[in-house]
Each structure stands twice: as structure tokens, then as C-alpha cells.
Amino acid sequence: MALKQLMLAKKIEERTAELNTLREKDVEFDTREKELEAAIGEAKTEEERSTLDGEIDKFNEEKDAHEERKTEVEEELTNLNAELRTLNEKEPKGKKGEKRDVGKEEEMREVRKGINAYVRSKGQLRDGYTSVEGGALVPEELLTPQKTPETEVDLKRYVKTVPVNSSNGKYPVITKSDGKMSTVKELAQNPELAKPTIKEIKFEVETRRGYIPISQEIIDDADYDVTGLIRDDINSQSLNTTNADIAAVLKTATPKTVVGVDGLKDLVNKDIKKVYPIKFYVSASLYAELDKLKDKNGRYLLQDSIVTQSGKMLLGREVVVLDDDMIGGKAGDMVGFVGDAYSFVTYFDRKRTSVEWVDNQIYGKLLAGIVRYDVEKTDEEAGFYITYKNEETTVNQTEAQGA
């Protein structure tokens, strides 16, 4: 039985690694889908649209195969974990049929091992601990330090990411054309089309890095996965850094003051070209204000949505909520970027690594994170940086000035 358990554990480890790889590829499919959506809006000729149809069909086939494989691996993992738990529930017998006395120390060691495996696999069930409604039931002796909730918004998912192989260079951007084709008679000479406007965006990759030392005594004595917790914290710091840099570029958009619901509608319907898929990237304070807005029939304008990543929509557009100090300057700022962040910002990705090594001088480990990238504005017409004001506030200010 021990041999069979070992084989099952090996299969679970392999399938878990495959599933994690498949989940990481979800981001690649999201990026490709956005690129195709942008290309559809830019397609001008029947030939371009025909070429896009072929690319879209190929993309859909690859994505369907990807999702199908991910489902297969998830189902296989569920079955393997169930089989392993069943085997482990059958306690081994002694020679005379008595139950073997495992002992408290060995029992707790197995629980720790199971919990650490659960954490590292992002939720896959493991032997050695009890699960409750898909979660881990942790004994009092093994409760881990409480982690403060952090932002789950990853702005890289909303902007264009361009992998680069050098530390600096130029990125050509074609401005969306307003030109039109002319009607000509049969066999007449082709008229010249409007020349495209191409501008080169310079990028220069910078390195962000740091490390956290951990003594070997803490690693040995702790009842929880110290290195895992700190590694998660380094990844969170990396996310916070990239979010702050992307938000800083969004704040460089053309400033605009928007008054009330009608101001938001004019902004979306008239001020931004229709070629841009608009989203709202707003501060928490502005979101709180938008959440109170109603139409003339008393219905809230902010609606729940199952088709957007953020789960919220306003005026038919997705709403992404950011902390006040990230997209604004201070708490209470009712500001945000309204437009197409994918066209407005480009993230030049050079390298991302996390490393771990042993330092003999401190008798411990050093966990480090390294990210190399640059964030640049690529299309100034893709959105505005708004400051929102209520209609009532504006009316009161006008009356005060008149008095």
C-alpha cells in the first residue's frame, strides 16, 4: 500500500505542475484575445478581415483545446486525491491485527506536510489533513500568522504587454487613421490613401529588486511554511510595484473635469473615439460615489456583471476599482482614467525572476525578487484622466460665487 501511495503522490505532483502551467497560460490567451479584438477594430479591408477570421478560428481552436485539457487535469487531480485519501484512511495493522500507534509528533508532522502541499499547490487537496468544503481544517497547534488582505487587481491584465530582449529600444506605434478610401471607376488608377502616422516610442528597461534574509533557525523551528509566506510577500510587492508604475502613466492622460451622470455620458459617447473599447479605472472614493448614482427611473447605474473581470459595469463599460492613493493623490480623491488602457499604456517586459540561495555567513536563506520592465504611454488619444464632481456640488459652488 505504501508503494501505491507513493505512485499516486508522484502523479498528483506531476498533474499539479501541469495544471499550474495551464493556469499561467490563461494570461497569454487573455492578452492574445485583446490583441485580436483591437485588430478587428483596425481592420479596413476585406483582405485584412479575411486574414483575421483565420487567426480567430485558430485562436479559438487553441483556446478550446487549452480549456479542455485544463478540465481533464482538474478532474484527474480530483480523482487521484480522492483515491489517495481513501488509502490513507485505512490505517495499517500490526502483526496481530492491532492498530499501529502513530504518535503525536509523527501525526503533526504529517499534518504540516499536507498543509504545506495544499498551500503550494494553490488549493489542491493532499493527504495528511482534513478538508472542509474544499478548504483545509488546520489544528490549533499549526495556525499560521494572519496575512493582511492585499489588492487583487493586476493592471498588467488591462494594458498591452510587449516582451523585449534588450534593455532599451524603440517601439513603433501607428496612430489610428481617420482617412477614407475613394470611390473609383472600373480599371481607373488607384488614388493615394492617407499616409499612416507612425511614431516611435522609446523604452528603457529598469531593474527593480530586493531580498529578505531568513535565518535557518526560524525555518527549522516554525510550524508553518516560512519561506512560502515570504515568497508570496515578495510576489505581492512585485505586483504593487508594477501597478503603481502603470497607474502613474494612466494619470498622465489629458485631464478633464466631469460633472454628474451627463458629464460621464458625454465623455463616453462624444469625447473618446468609438474605435477605443472604453473602461473606467476609478479610485475607491469615486467608485463609492458612482455606486449611488441612479437614472431618472430610480435604477442604479452601476450594475453587476458576469462577463467582466471586475464584476461591475457602468454605462455598459467595465469598472476597475483602485485604491485612492494609487490612481489619485490622497484619500478621498474622486478621480480615474476613462478610456482604453490597452492602447494608452504599453508594458515592456524584459525579465521576471524570483531566486533563493543559502548564505553561509548568516546560516540562513535569502529570498529575492527581480523584475525588469518599463511602462510608457503609447496613444494619448485613448483616454482621459478625470476629476468627478457631483451636479449638486457644482450648483452650490456657483450660487456661492454669485452671492
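Preceding block: the structure.
Below you will find a few notes about this structure. If you're wondering where the values come from, they're calculated on a predicted model, not measured in any experiment.

## Structural notes on the overall build of the protein chain
Secondary structure summary: the protein chain contains 10 helices and 15 strands in total. Evaluated residue by residue, the protein chain yields a buried proportion of 33% over its 403 residues. Contacts in the protein chain between residues at least 24 apart in sequence constitute 76% of all its contacts with a sequence separation of at least 6. When the accessible area of the protein chain is evaluated, it comes to approximately 25,700 Å², of which 49% is carbon and sulfur surface.

## Quick notes on unusual backbone geometry
Here the phi dihedral of leucine 315 falls at roughly 55°; this positive angle occurs in a residue that is not glycine. Within the fold, leucine 315 resides in the loop between strand E10 (312-314) and strand E11 (317-322). Judged by relative accessible area, which is 23%, leucine 315 ranks as partly exposed.

## Things to note about the nonpolar core
Core analysis: the biggest nonpolar cluster contains 47 residues, and Leu155 and Leu264 have the highest contact counts within it. Beyond its immediate chain neighbours, meaning those up to four positions away, leucine 264 contacts Val258, Phe280, Leu290, Leu293, Leu314, Leu315, Ile386 and Tyr388. If you look at the next biggest cluster of nonpolar residues, it comprises nine residues, including Ile12, Leu19, Leu84 and Leu87.

## Considering the environment of lysine 25
Here lysine 25 shows up in helix H1 (residues 2-42). Assessed through its relative accessible area of 34%, lysine 25 is described here as partly exposed. As a C-alpha pair, lysine 25 and histidine 66 span 41 residues in sequence and 8.7 Å in three-dimensional space.

## Some points on the sheet that holds E11
Here we have seven strands laid out as an open sheet, ordered E7-E15-E12-E8-E11-E10-E9, and mixed in their pairing. Sheet topology places strand E7 (254-259) and strand E9 (302-304) at the edges, where each strand pairs with a single neighbour. Direction aside, neighbouring strands of the sheet carry axes that sit 35° apart on average. Relative to strand E15 (residues 383-389), strand E12 (residues 335-339) runs antiparallel, the two being bridged by five bridges. Bridging from a neighbouring strand, glycine 339 pairs with glycine 383 of E15. Lying on the sheet, helix H6 (residues 260-271) is in contact with E7, strand E8 (279-283), E10, E11, E12 and E15; it crosses E7 at an angle near 135°.

## Topic: the pattern of salt bridges
This structure, assessed with the given rule, holds 13 salt bridges. Residue arginine 208 pairs with glutamate 206 through a salt bridge whose shortest N-O separation is 3.9 Å. Taking relative accessible area as the criterion, arginine 208 reaches 22% and is therefore assigned partly exposed. The closest approach of N and O atoms between lysine 256 and aspartate 271, which form a salt bridge, is 3.5 Å. Note that lysine 256 is positioned in strand E7 and aspartate 271 in helix H6, a separation of 15 residues in sequence. Judged by its relative accessible area of 28%, lysine 256 falls in the partly exposed class. What makes aspartate 271 partly exposed here is its relative accessible area of 32%. Through salt bridges with shared partners, one network takes in Glu18, Arg69 and Glu72.

## Side note on the packing of aromatic side chains
This structure, assessed with the given rule, holds seven aromatic pairs. Where tyrosine 281 meets phenylalanine 337, the ring centres are 6.0 Å apart and the plane angle is 50°; that geometry is what we call tilted. Of this pair, tyrosine 281 sits in strand E8 while phenylalanine 337 is found in strand E12, placing the two residues 56 residues apart along the sequence. Note on phenylalanine 337: relative accessible area 0%, which makes it buried. Residues phenylalanine 337 and phenylalanine 344 carry aromatic rings whose centres are separated by 5.0 Å and whose planes lie at 50° to one another, so their mutual orientation is tilted. Taken individually, phenylalanine 337 and phenylalanine 344 each receive the classification buried, so the pair is uniform in this respect. Taken together through their ring pairs, the aromatic side chains of Tyr158, Tyr281, Phe337 and Phe344 make up a single cluster.

## Let's talk about H6
Counted at 1.5 Å a residue, the expected span for H6 with its 12 residues is 16 Å, and the 15 Å between its end C-alpha atoms agrees. What H6 keeps buried is the set Gly260, Val261, Gly263, Leu264, Leu267 and Val268.

What counts, and at which threshold
Residues numbered from 1 in each chain as written. Predicted model: local features only at pLDDT ≥ 70, side-chain atom pairs only at ≥ 80, totals over all residues. Heavy atoms only, no water. Helix = DSSP H or I, 4+ residues; strand = E, 2+ residues; numbered from the N terminus. Buried < 20%, exposed > 50% of the residue type's maximum accessible area, 1.4 Å probe, protein only. Contact = heavy atoms within 4.5 Å. Areas by Shrake-Rupley, 256 points an atom, 1.4 Å probe, with all protein chains shown as cover. Core = buried A, V, L, I, M, F, W, Y, C linked by side-chain atoms within 4.5 Å. Pairing = 2+ DSSP bridges. Axes fitted to C-alpha atoms, helices over the stretch in contact; angles between N-to-C directions. Salt bridge = Lys/Arg side-chain N within 4 Å of Asp/Glu carboxyl O. Phe/Tyr/Trp six-rings, centres within 6.5 Å; stacked < 30°, edge-to-face > 60°. Expected span 1.5 Å × (residues − 1).

Any functional reading would require information that these geometric values do not contain.
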